[in-house]
Structures are given as structure tokens and as C-alpha cells.
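Spelled out from the first residue to the last, the chains are:
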Amino acid sequence: MLLFPLYVWGEGVGMVVGNRFNYGLKVGCSSTSLFMHDIKIGDYTTDNYSPNSETGIILSAFARVNAGKFYTETGLSFYSCYASVNIPYQNPTANGAEPVERFSISGKYLQVPLLFGFNIVKQEPYSMALYAGPKFTFPLKNTYSSKFTGIGNVSLIEDIYSLNMKAAVGICFSISNVLLDFGYDLELYAQSDGRVSYIAQDNSESMIMNRSTGVLYFSIGVLF
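Everything numeric in this text was worked out from a predicted model, so none of it was measured.

The rules we used
Residues numbered from 1 in each chain as written. Predicted model: local features only at pLDDT ≥ 70, side-chain atom pairs only at ≥ 80, totals over all residues. Heavy atoms only, no water. Phe/Tyr/Trp six-rings, centres within 6.5 Å; stacked < 30°, edge-to-face > 60°. Helix = DSSP H or I, 4+ residues; strand = E, 2+ residues; numbered from the N terminus. Buried < 20%, exposed > 50% of the residue type's maximum accessible area, 1.4 Å probe, protein only. Lys NZ or Arg CZ within 6 Å of the ring centre and 35° of its normal. Pairing = 2+ DSSP bridges. Core = buried A, V, L, I, M, F, W, Y, C linked by side-chain atoms within 4.5 Å. Salt bridge = Lys/Arg side-chain N within 4 Å of Asp/Glu carboxyl O. Contact = heavy atoms within 4.5 Å. Lys, Arg positive; Asp, Glu negative; His and termini not counted. Patch = residues over 30% accessible without salt bridge, like charges linked within 9 Å, V, L, I, M, F, W, Y side chains within 5 Å. Areas by Shrake-Rupley, 256 points an atom, 1.4 Å probe, with all protein chains shown as cover. pLDDT = per-residue confidence, 0-100.

Turning our eyes to something else, we now look at the packing of aromatic side chains. Scanning the model with the defined rule gives seven aromatic pairs in all. Summarising the aromatic geometry, the rings of Phe-70 and Phe-118 are spaced 5.0 Å apart at their centres and angled 50° between planes, so their arrangement reads as tilted. Within this pair, whereas Phe-70 is found in strand S4 (residues 70-87), its partner Phe-118 is found in strand S5 (residues 101-123), the two being separated by 48 residues in sequence. For Phe-118, a relative accessible area of 35% translates into the label partly exposed. A centroid spacing of 5.8 Å and a plane angle of 25° characterise the contact between Tyr-79 and Tyr-109, whose relative ring orientation is stacked. Here the residue Tyr-79 occupies a position in strand S4, and Tyr-109 occupies one in strand S5, the gap between them amounting to 30 residues. Taking NZ or CZ as reference, Lys-26 lies 4.9 Å from the ring centre of Phe-62, over its face. Of note, Arg-64 hangs over the ring of Tyr-71, and the distance from its end group to the ring centre comes to 4.1 Å.

Here it is in C-alpha cells:
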């Protein structure tokens, strides 16, 4: 029912999948998960953790060049990221508290994809395509933060890289001008070297949280 107004509008605009060049807009939601590769808090180390999927938003403007059943797509998207994991760490000063603490991250990013697609179905007014390719990710300044509840829920200090890369795969459906996009992004390398620090008892302490993210997303859009 929510898609019906877009479908009716698209029917009035006409079929555009067969055009040589297309552009469009998409809006959607995402679920980000953390994959931990190394956890060290002082002398404590573990590879045991429980991920928590968090929800963010994706806004995209894109352009597409078609060549028969193949196409190349690029553009610019805004992505907000929220993710956390539970770690079985007992704070030495907690005096018997439940030994589970949470490490979490949040941030906002710009992404530039370079996707290559193949239309399994391309017959008016329908199409169905598989796509894959890299995404170049740029964190927006002063929007990234990480926290760990085991040290009083204070913000951690971490230098993240100014550029990251993801591998994207997905499937895209269209009915006339309306698009439905389902995909998954996997970071090819970590956002930082994993070293984070905080201030405790007038001294600078550090921990290691080597990790990468996986993002499952869904979006709806309009193709012109």
C-alpha cells in the first residue's frame, strides 16, 4: 500500500530502465553490526562478544549508465552508523557487578559507490538486477565517537582513517520508475588501528578494539 502512490506516479512518467542514462534518488534504513577481531582491556583479552544490530538511515543520489543488460552506477550517499557489542569484562572497581560491558560506536559518513550491475530481467515495466562493487567511505568531521561502559560510559579517543573501502553486493528491483534496493556492505579493512584511549585516575589509559563493520540495508527510490 505504501508503494502504490509511487507506482501510479511512475506509470505516468513512463518506463526509463531502457534509457542510455538514468539518475535517481533513494532513501532507506540500515542495520550495522560490529565484527571484533581483537579485544584487549589492560591485561584482559577475549574473543568472546555478543553483537547488537543498530538502525541508521541512508540517503542517496545516483547516476547510471546502461549498456544492454549491464550498467555502471555511481553517486553520493549519506549514511549514519550505530553499532555495539557486549563484552564479558569485569571492571576491577565494580565490586561484584554483572561482568558484561558494552562497547559502542556511532558516526556519519559520505559514500561514493562504483557499482556494476547485470539485469537478469529487463522487460517493461519490470527489471531485476544483481550488482556488486566497491564503496569509498569518508567519515564526516567531528561526528564519530566510541564509548565503553566499563569505564563510566566515557567517550574514548580514537583516530579513524579519513578514507575506508567497502565491498557491496545487492539486488535491485524496479517497477516502472520505482526502485527497491536490498544490499550488504562489508568493510575491507578496519576504520582505525584499533587503539583507543581514555583518561582514568589522571593517567592516559588505552585499550585495543580491532574491528570491522557489516551493513545490511534496504532502500526505496525513484529512477528518472
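Quick look at the pairing of strand S3 (residues 50-67) now. Here strand S1 (residues 21-41) pairs with S3 via 12 bridges, running antiparallel. In the strand pairing of S3, Ser-31 is matched with Thr-55. The pairing of S3 with S4 spans 14 bridges and is antiparallel. Bridged to Ser-53 within S4 is Ala-83. Linking S3 to S4, which pair antiparallel, is a turn of two residues; within it Gly-68 sits at a positive phi near 65°.

This next bit is on the nonpolar core. Residues Ile-87, Phe-103, Phe-148, Met-207 and Met-209 are the most contacted members of the largest nonpolar core, which totals 33 residues. Looking at this core element by element, the count peaks at six residues for S4.

Let's shift gears to the pattern of salt bridges. Considering all chains together, one arrives at five salt bridges under this definition. Linking Asp-181 and Lys-26 is a salt bridge whose minimum nitrogen-to-oxygen distance equals 2.9 Å. With a gap of 155 residues between them, Asp-181 in strand S10 (residues 178-187) and Lys-26 in strand S1 connect regions that are remote in the sequence. For Asp-181, a relative accessible area of 3% puts it in the buried group. Classification of Lys-26 by relative accessible area gives buried; the value is 12%. A single network of salt bridges, built from pairs that share partners, joins Lys-26, Arg-64, Glu-73 and Asp-181.

Positionally, Gly-117 belongs in strand S5. Judged by its relative accessible area of 5%, Gly-117 falls in the buried class. Aside from chain neighbours lying at most four places away, what touches Gly-117 is Lys-69, Phe-70, Tyr-71, Leu-130 and Tyr-131.

Relative to the helices and strands, Lys-166 is located in strand S9 (residues 164-175). For Lys-166, which is buried and forms no salt bridge, the nearest opposite charge comes from Asp-185, at a distance of 4.6 Å. Residues contacting Lys-166, with those up to four places away along its chain left out, are Tyr-79, Gln-111, Gly-133, Pro-134, Lys-135, Thr-137, Asp-185, Leu-186, Glu-187, Leu-188 and Val-215.

What follows is about a nonpolar patch on the surface. Among the surface-exposed residues, Phe-70, Phe-118, Ile-120, Val-121, Tyr-126, Leu-130 and Ile-175 lie close enough to one another that they form a single nonpolar patch of about 610 Å² accessible area. Elements with a contribution of two residues or more to the nonpolar patch: S5 and strand S6 (126-139). With three residues, S5 is the single largest residue contributor to the nonpolar patch. By the secondary structure assignment, Ile-120 is in strand S5. Look at Ile-120 and you get partly exposed, because its relative accessible area is 39%.

Take the confidence of the model for the chain next. Averaged over the chain, the pLDDT score is 86; the fraction of residues at 70 or greater is 85%. Averaged pLDDT values over the elements of the chain bottom out at 44 in helix H1 (residues 4-13) and peak at 97 in S10. Predicted confidence is poor over residues 1-14, with pLDDT under 50, and the contacts of this stretch with residues over four places away or in other chains come to 17 contacts.

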